[in-house]
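Chain by chain, the residues run as shown.
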Amino acid sequence: MKVITDLRQGLDWPGLPPPSPTVPDSLPPGRQLSSRRHLMGRQHLSAVLNFWLARTGLSHEQLGSIADWALSEKGWLSSPQLSHLRNGSVVKPSHRNLDALGGANEAIWLWQQRGPEVCMRRYGPHSAYRIEEQWLNSAIWLHHPHHTDEALNYADFCDLQAGYLVLPYLGEVNLSPSEAKALSQALADLFDRLAQERMGEGRSMREALDAVLAAYPSSASPDRREQLRNVIIGTADYTKAELEKELFLLAETVRQLRGLPEGGYGPAELHAELSASRRRA
């Protein structure tokens, strides 16, 4: 008698299909790899924080204090952590940090939209965290792209870092490496012209350059201001990653130098101006 040792053989089952590959050869339209989505989300979160801090005028320590107040506990958003998030060097931002960012944003929104009394009923006295009213009065809050009267919260910041949510009002642009190099050179020419205008006011070349650099937002690190100096004098170029992160701060610098109203000149306008100058050249 033949002994059947394989049940599938005895039942006359067909052989098992080969395992499917981990990564498909092609993705359906509108889909992308999750790893790519997370990478883009981390880069966008970096751009969001650079946009927010440059425009809001808060230091890392001040934003951290507002986050502590919103969460009723200290130490949820330190200055080094915020620096790493702004530089995009954190592969997986912690939920503590994202919760702190959302809490700070909601606290600023509540203070400005509902009033200090309502805000303090929810969070308690801000003086316990050494927060000055001027910080809350002059800061900006980030709104949801589809609900412009609502502030981004913890869940929204989670969606940002995972690449599910994009803030189109940042005016962020994606550059190729070759375009970044060309725009970096056009940027040096633009700031050189702005410095020349100040030399026409009777300043020396050094004084004119210092005046241009003084308009660079103070919330950024001294290293980034020094990098701008090197780009202007022609000893360095911005890389693709650097220029994408710096575009808002550079646009804000140009806006300040030209005396334009707040919101009247941003990354999209700067990119368009630099691109137009390249075409004319």
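For the structure given in this document, a descriptive report is provided here. Here the structure is a predicted model, which is why all the values come from computation and not from measurement.

**Looking at the overall build of the protein**
For the protein, the count of helices and strands is 13 helices and zero strands. When the helices and strands of the protein are read in sequence order from the N terminus, they spell out α-α-α-α-α-α-α-α-α-α-α-α-α. Relative to its 281 residues, the protein shows a buried fraction of 43%. Look at the contacts in the protein between residues 6 or more apart in sequence, and 64% of them connect residues 24 or more apart. Accessible surface computed for the protein: about 15,700 Å², of which carbon and sulfur atoms make up 51%.

**A look at the pattern of salt bridges**
Scanning the model with the defined rule gives eight salt bridges in all. A salt bridge links Arg229 to Asp210, with the nearest nitrogen and oxygen atoms 3.2 Å apart. One end of the pair, Arg229, is in helix α11 (residues 222-233); the other, Asp210, is in helix α10 (residues 205-214), and 19 residues separate them in sequence. Assessed through its relative accessible area of 22%, Arg229 is described here as partly exposed. Judged by relative accessible area, which is 33%, Asp210 ranks as partly exposed. When salt bridges with common partners are traced through the structure, they connect Asp210, Glu226 and Arg229 into a single cluster.

**Let's talk about the environment of Gln113**
Positionally, Gln113 belongs in helix α5 (residues 95-114). A relative accessible area of 46% means that Gln113 is categorised as partly exposed. When the C-alpha atoms of Gln113 and Asp149 are compared, they prove to be 9.3 Å apart, with 36 residues separating the residues in sequence.

**Some details on the packing of aromatic side chains**
Here a ring pair, both rings aromatic, is described through the centre-centre distance and the interplanar angle of the planes. Applying the stated criterion across every chain, the model contains three aromatic pairs. Each member of the aromatic cluster is reached from another via a ring pair, and the members are Trp69, Trp111 and Tyr123. Just above the ring of Trp76 sits the side chain of Arg96; from NZ or CZ to the centre is 4.2 Å.

**Details of unusual backbone geometry**
The phi dihedral of Ser72 is positive, around 60°, even though this residue is not glycine. Position of Ser72 relative to the elements: it lies in the loop between α3 (60-71) and α4 (79-87). Even without being glycine, Arg130 reaches a positive phi, approximately 60°. Along the chain, the position of Arg130 falls in the loop between α6 (116-123) and α7 (133-138). Note on Arg130: relative accessible area 74%, which makes it exposed.

Analysis parameters
Residues numbered from 1 in each chain as written. Predicted model: local features only at pLDDT ≥ 70, side-chain atom pairs only at ≥ 80, totals over all residues. Heavy atoms only, no water. Helix = DSSP H or I, 4+ residues; strand = E, 2+ residues; numbered from the N terminus. Buried < 20%, exposed > 50% of the residue type's maximum accessible area, 1.4 Å probe, protein only. Contact = heavy atoms within 4.5 Å. Areas by Shrake-Rupley, 256 points an atom, 1.4 Å probe, with all protein chains shown as cover. Salt bridge = Lys/Arg side-chain N within 4 Å of Asp/Glu carboxyl O. Phe/Tyr/Trp six-rings, centres within 6.5 Å; stacked < 30°, edge-to-face > 60°. Lys NZ or Arg CZ within 6 Å of the ring centre and 35° of its normal.

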